[in-house]
Amino acid sequence: MEWKPNLEIVTEERHRFFLYYTYIAGWVISDDPNTKVGATLVRKTGTVYRMLARGANILPSNFERASGELERAFSERCVTEGANAFAELLSDRAWKNGQMRHAEKVVIEQAKAYGFKVKGSTMYMPWIPCTPCAEEIMQAGIVELIGHKAMIMKTPERWWESTNTALENLKKTGVRCCMYDGSIGNVFSLFNGEIWTP
């Protein structure tokens, strides 16, 4: 099977700008040790584009890294099993996938918490959402999704089925799905264990 996502290509400079800040959100905020994904919501009013919120794939709020609660929650395991127990736990794909909140859901919740209207906005997310996240995007009334071709084309085969279904569902409900074709520059990303420069 060949990976050929059917997405409209966009090249306007504003897309590079918003994807740049989305990659930064993923790099700085994400708790995922394997793939750091960010998301940004943008609203256009007249000719002005405004960032509503940025987020990343993170552990649940009661495990927030900044407060140290996640480390405390597993401190007993670290004492009994060694200092690397926390890192080992995060490297357990099944555990991590069951705990990690995806960037799309996080940024939608943040924008709503700030009091912004999400309906009618654009989401920048370098990768393609999984099927459950696509449902969140549709329910929120987001009208456009802009990804980054360089990252989308790195999608591992294990995600092809979910992301293909997500794209089909998004398009059926009228969400415009695009990918920016160009270099972002001056930013790092971690995808499938590989550090690279978009």
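Asks: Even after reading the chapter, I still don't get the sheet that holds strand E1 (residues 8-10), so can you show me in this structure?
Replies: Strands in a sheet are paired, the pairing made by backbone hydrogen bonds, and the direction either parallel or antiparallel. Pairing in this open sheet of six strands is mixed, and the strands run E1-E6-E5-E4-E2-E3 from one edge to the other. For this open sheet the edge positions go to E1 and strand E3 (48-56), each flanked by a neighbour on one side alone. Taking each pair of neighbouring strands and ignoring which way they run, the sheet shows an average axis angle of 30 degrees. By the bridge criterion, three bridges tie strand E4 (residues 122-124) to strand E5 (residues 144-148) in an arrangement that is parallel. Within E5, the residue paired with Tyr 124 across the bridge is Ile 146. Contacts between helix H6 (residues 103-113) and the sheet are confined to strand E2 (38-45), E3 and E4, with E3 contributing the most and set at about 120 degrees to the helix.

Asks: Teacher, can you tell me more about the pattern of salt bridges here?
Replies: Under the counting rule described, the total for this entry stands at six salt bridges. The partner of Glu 8 in a salt bridge is Arg 176, with the nearest N and O atoms 2.5 Å apart. Remark: Arg 176 occurs in strand E6 (residues 176-180) and Glu 8 occurs in strand E1; sequence separation between them is 168 residues. Accessibility expressed as a relative area gives 38% for Glu 8, which makes it partly exposed.

Asks: Whenever I open this one, the nonpolar core confuses me. Can you help?
Replies: Soluble globular proteins: nonpolar side chains tend toward being buried together. In this structure, Leu 41, Met 123, Ile 142 and Leu 170 are the most contacted members of the largest nonpolar core, which totals 44 residues. In this structure, Leu 41 is in contact with Arg 50, Met 51, Leu 52, Ala 53, Val 107, Ile 108, Ala 111, Val 118, Ser 121, Thr 122, Met 123 and Ile 142, ignoring residues within four places of it in sequence.

Asks: What am I meant to see in the packing of aromatic side chains here?
Replies: Where two aromatic rings form a pair, the distance of their centres and the angle of their planes describe that pair. Throughout the structure, instances matching the rule amount to eleven aromatic pairs. Plain terms: the ring middles of Tyr 20 and Tyr 21 are 5.0 Å apart, the flat faces sit at 85 degrees to each other, and that makes the pair edge-to-face. Tyr 21 sits in the partly exposed class, given a relative accessible area of 30%. With 5.7 Å between their ring centres and 35 degrees between their planes, Trp 27 and Phe 188 make a pair best called tilted. Within this pair, whereas Trp 27 is found in helix H1 (residues 13-29), its partner Phe 188 is found in the loop between E6 and strand E7 (189-191), the two being separated by 161 residues in sequence.

Asks: Looking at this structure, how should I read the pairing of E3?
Replies: Look at any regular strand and the pattern is simple: side chains alternate between the two faces of the sheet. With eight bridges joining them, E2 and E3 adopt antiparallel strand pairing. When the bridges of E3 are listed, Gly 38 appears paired with Ala 56. Taking the residues that link successive antiparallel strands as the turn, the E2-E3 hairpin has two residues, and the phi of Gly 46 there is positive, at about 65 degrees.

Asks: Any chance you could explain the packing of helix H7 (residues 131-140) against helix H9 (residues 160-172) here in plain terms?
Replies: Two packed helices can be described by the angle between their axes and the distance between those axes. At a closest axis distance of 8 Å, the pairing of H7 and H9 adopts a crossing angle of 20 degrees. Here H9 runs roughly parallel to H7, going by the angle between their axes. Read as a crossing pair, H7 and H9 show a hand that is right-handed. In contact with Thr 131, Ala 134, Glu 135, Ile 137 and Met 138 of H7, H9 contributes Ser 162, Thr 165, Ala 166, Asn 169 and Leu 170. Residues that form the contact of H7 with H9 fall into these classes: five nonpolar, four polar and one charged.

About the cut-offs
Residues numbered from 1 in each chain as written. Predicted model: local features only at pLDDT ≥ 70, side-chain atom pairs only at ≥ 80, totals over all residues. Heavy atoms only, no water. Pairing = 2+ DSSP bridges. Helix = DSSP H or I, 4+ residues; strand = E, 2+ residues; numbered from the N terminus. Axes fitted to C-alpha atoms, helices over the stretch in contact; angles between N-to-C directions. Contact = heavy atoms within 4.5 Å. Salt bridge = Lys/Arg side-chain N within 4 Å of Asp/Glu carboxyl O. Buried < 20%, exposed > 50% of the residue type's maximum accessible area, 1.4 Å probe, protein only. Core = buried A, V, L, I, M, F, W, Y, C linked by side-chain atoms within 4.5 Å. Phe/Tyr/Trp six-rings, centres within 6.5 Å; stacked < 30°, edge-to-face > 60°. Parallel < 35°, antiparallel > 145°, perpendicular 65-115°, else oblique. Left-handed = near helix turned anticlockwise from the far one by under 90°. Nonpolar A, V, L, I, M, F, W, Y, C, P; charged D, E, K, R; others polar.

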